[in-house]
Amino acid sequence: MKVFLVAGARPNFMKIAPIYRASRKVAGVNCQIVHTGQHYDYEMSQAFFEDLEIPKPTYFLDAGSGSHAVQTAKIMVAFEKICEKERPDLVMVVGDVNSTLACSIVAKKLLIKVTHVEAGLRSFDLAMPEEINRMVTDVITDYFFVTEESGRLNLLREGKPAKQIHFVGHVMIDNLLYQKRKMKNVQGSTFKVRDLKPKGQYAFMTLHRPSNVDDKNTFMGIAGALNEIARDMVILFPVHPRTKKMMAQFKIKFSENIKLLPPLGFKESLFLWKDAKVVLTDSGGLQEETTAFKIPCVTIRENTERPITVELGTNVLAGTTKAGILKAYRQCFDKVKNASIPPLWDGKAAERIWKVLTKTG
């Protein structure tokens, strides 16, 4: 079975890495990585792939940046060429980026089966580009691999056949646990950020969503809340390029107790946030990863497509107002006491995916 495993942005590679590693143990599977080049930082070094223990991609589409339409079109044109030439048996997409949408459409129109890993997640907010990508991809998917019960229920409500929906756990947690085990051997000595970790309690934060940083009033309210939290503890804040640009444009001022850092790689971020007292974020992945480690998480968003992190995990949905963020911050520490790790978030999701595909394929 020839499988094209598609990734477009750095977080995608964290998801496909365990899938690729598991594929090497499955007889009869030829798994080839396709990198669409969607991410602005697509020129990844060999060291990046070595860290994940995956080879450099077999195909690099070099889509680059652009509007959603331009980027999606570039990926579709380039991906169609290699699909027509190589005719894979299966195209596997992960997550909810433009590459997920583009490659699933191309595959389906070429009568190639589509597998969606992280299927069925819904924020029910069509202002989010990712929500559109998720919904459209799931309309044409053949094999749905879900990370939590809400994903299965959403797909059933949308009329998907139950036999095509498979609850396997979460490959992002596979990678998280794998990298944490590896990190024990280096003790942080190889990380440039090791000296940034405060000796006492500290917070870790990420902020990048356009809805949070592109509106001046919203961004100023968020900054006001963070400055108050910084009175309690140091906040380590790797600043996304988009956020940095809007900080300058809106003249956003942060407390001296908020340490502004350059963008960090996955391992450096993990080295810092795994020991944080609390994580503040608008990221989807960090909601899940903090739940897996039972670290308090304040999500600076009005909604989440990952409700299990709120229902069972350590996540508190804060909204985007100063008052809401401060309220969630005060609540998050108590929530940890009754939090639990969601079912099947045990590091074996990728193995379950291949069991399903080799049995049905």
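Everything here concerns the structure above.
Residues numbered from 1 in each chain as written. Predicted model: local features only at pLDDT ≥ 70, side-chain atom pairs only at ≥ 80, totals over all residues. Heavy atoms only, no water.

Looking at the packing of aromatic side chains
All chains considered together, the criterion is met by six aromatic pairs. Relative to F254, the ring of F237 has its centre 5.7 Å away and its plane inclined at 85°; by these criteria the two rings are edge-to-face. Pair noted here: F237 is in strand β9 (residues 234-238) and F254 is in the loop between α10 (241-250) and β10 (258-261), with a separation of 17 residues, a long-range link. For the pair W273 and F293, a centre-to-centre distance of 5.5 Å together with 35° between the ring planes defines the contact as tilted. Here the residue W273 occupies a position in helix α11 (residues 266-273), and F293 occupies one in helix α12 (residues 285-293), the gap between them amounting to 20 residues. In this pair, the class of W273 matches that of F293, namely buried. The ring of F293 has K180 sitting right over it, with the charged end atom 4.3 Å from the ring centre. (Phe/Tyr/Trp six-rings, centres within 6.5 Å; stacked < 30°, edge-to-face > 60°. Helix = DSSP H or I, 4+ residues; strand = E, 2+ residues; numbered from the N terminus. Buried < 20%, exposed > 50% of the residue type's maximum accessible area, 1.4 Å probe, protein only. Lys NZ or Arg CZ within 6 Å of the ring centre and 35° of its normal.)

Re α10
All buried positions along α10 are accounted for by T243, M246, M247 and F250. Seen end-on, α10 carries its buried residues on one side only, within an arc spanning 110°. Summarising the geometry of α10, the exposed residues directed more than 90 degrees from the buried face are K244, K245 and A248. Residues of α10 that are buried in the fold lie against α8 (210-213), α9 (216-229), β9 and β10. (Arc of directions from axis to C-beta. Contact = heavy atoms within 4.5 Å.)

Describing the environment of E268
Within the element layout of this structure, E268 appears in helix α11. Take E268: its relative accessible area is 19%, and that puts it in the buried class. Between the C-alpha atom of E268 and that of V193, which follows or precedes it by 75 residues, the distance is 6.7 Å.

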